[in-house]
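Below, each chain spelled out in residue letters.
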Amino acid sequence: MVMDKPIATYPNSPTSMPSPMPFNIPDVSVRAEAYDQILKNRGIRVIHRRALVCPNVLALDTNSHTPECPNCDNSGFMYYGDREIIGTFNGNSMEKTFEQHGVWEIGTAVMTFPSEYADGTEADFQQFDRLEIPDFTVRLYELLEYLPTADNTQSVRYDIEKVDFMVVTNVGPKLAQRIFNVGVDFNIVNGDIVWVDGKQPNYDASAQRGQVIAVAYYANPIYIVIQSLRELRITQEMDPATGMKVARRMPQEVLVRRDFLVHNVSSLPGPA
Ligand SMILES: [Zn+2]
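Computed from a prediction, not measured in an experiment: that's the story for all the values here.

A. Summary view of the overall build of the protein chain. When helices and strands are tallied, the protein chain shows 1 helix and 19 strands. Scaling as 2.2 N^0.38, a compact globule of 272 residues should have a C-alpha radius of gyration of about 19 Å, whereas the protein chain reaches 28 Å, well beyond that. Projected onto its principal axes, the C-alpha coordinates of the protein chain cover approximately 100 × 50 × 40 Å. Split into buried and exposed, the 272 residues of the protein chain put 18% on the buried side. Partitioning the intrachain contacts of the protein chain with sequence separation of at least 6 by distance along the chain shows that 70% fall at a separation of at least 24.

B. Molecular detail of the sheet that holds strand E8 (residues 153-154). Taking strand neighbours across the sheet as the criterion, the 3 strands line up as E8-E12-E11 in an open arrangement whose pairing is antiparallel. Where the open sheet ends on each side, the last strands, each with one partner, are E8 and strand E11 (186-189). One ladder, built from 4 bridges, connects E11 with strand E12 (residues 192-195); its direction is antiparallel. In the strand pairing of E12, Ile188 is matched with Ile193.

C. Spatial organisation of the pairing of strand E16 (residues 222-228). Note that strand E6 (residues 130-132) and E16 share 3 bridges and pair antiparallel. Looking at E16, one finds that Glu132 is bridged to Ile222. Of the pairings in the sheet, the one linking E16 to strand E19 (residues 252-258) comprises 5 bridges and is antiparallel in character. When the bridges of E19 are listed, Val225 appears paired with Val256.

D. Fine view of the confidence of the model for the protein chain. This prediction gives the protein chain a mean pLDDT of 85; 90% of its residues lie at or above 70. Counting interchain partners and residues more than four positions distant, the pLDDT-below-50 stretch residues 266-272 has 14 contacts.

E. Structural detail: the sheet that holds strand E10 (residues 176-179). In space, the 4 strands of this open sheet follow the order E7-E15-E9-E10, with antiparallel pairing throughout. Edge strands, defined here as strands with exactly one partner in the open sheet, are strand E7 (138-145) and E10. Strand-to-strand twist across the sheet, computed as the mean angle between neighbouring axes with direction ignored, equals 20°. In the sheet, E7 pairs with strand E15 (residues 212-219) via 8 bridges, with the strands oriented antiparallel. Within the sheet, the bridge partner assigned to Leu140 lies in E15 and is Tyr217.

F. Just unusual backbone geometry, in detail. In this model, Phe128 sits at a positive phi of 75°, which is unusual for a non-glycine residue. Using a count of 18 C-beta atoms within 10 Å as the deciding quantity, one classes Phe128 as partly exposed. You will see that Asn190, though not glycine, has its phi angle at about 50°, which is positive. Relative to the helices and strands, Asn190 resides in the loop between E11 and E12.

G. Main features of the environment of Met250. With respect to the element layout, Met250 can be found in the loop between strand E18 (245-249) and E19. In sequence terms Met250 and Val168 are 82 residues apart; their C-alpha atoms lie 51 Å from each other. With residues up to four places along the chain from it excluded, the contact list for Met250 reads Ala32, Tyr35, Ser115, Arg233, Ile234 and Thr235.

H. Molecular detail of the environment of Asn202. With respect to the secondary-structure elements, Asn202 resides in the loop between E12 and strand E13 (203-204). Separated by 43 residues in sequence, Asn202 and Asp159 place their C-alpha atoms 24 Å apart.

Reading guide: rules and limits
Residues numbered from 1 in each chain as written. Predicted model: local features only at pLDDT ≥ 70, side-chain atom pairs only at ≥ 80, totals over all residues. Helix = DSSP H or I, 4+ residues; strand = E, 2+ residues; numbered from the N terminus. Rg over C-alpha atoms; globule rule 2.2 N^0.38 Å. Buried ≥ 20, exposed ≤ 12 C-beta atoms within 10 Å, placed from the backbone. Contact = placed C-beta atoms within 7 Å. Pairing = 2+ DSSP bridges. pLDDT = per-residue confidence, 0-100. Axes fitted to C-alpha atoms, helices over the stretch in contact; angles between N-to-C directions.

What follows is the structure in structure tokens.
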């Protein structure tokens, strides 16, 4: 038993006219290359490094990661393969908000990337991948303990571009701040602090403890991929020359978060 087709007629309205819609619809595939071009012409340079779990574990069955691991900064992830790509920020979260993608925590953003790297190879993004913005700096702060080293060099979490302010509190009969100035007390070499001889903070050799330094500095921001928002974003695309349709990857959207909000750190840098 088959259902009858509807045959009821309806009255015309005064504006009724035949539909201009053609019987055959032309192919309306998105031109993926054009979409990539828009992103490439609007975005900023991003250095993408891929995440891999750190193999510095004692045994697989216990999964116990060696404490004080030099390979991964104790985050459990190491990174390989620098690749340059142009990405755009679509939204930056100023406060905790709830949207269709889920919860946006402070310090998260959505970034869109073309389907290919700058060198033309296919780009893919996975959870915990690292994204560094090389052309911009953000202000961060960090506490570190002065440690005398043979080369007078000390590192902070990120490669320092410029120190904004660096200070210790001298404990004595009277509390006093001691401010360190670049070019006088220290220099920045390859992103590290290099103390000028004789200008270092104090070190208590008997207690094996150096003065605690507060440093505000500028460095390139680093983001971690939290989630792929459009996993395997693929469409059909027609080659106008051959009329053949093939599967084509489309630009990708990922949810990112500043890396110190993802990986545990002993001394938290400050807000952006
Ligand atoms: Zn490790």
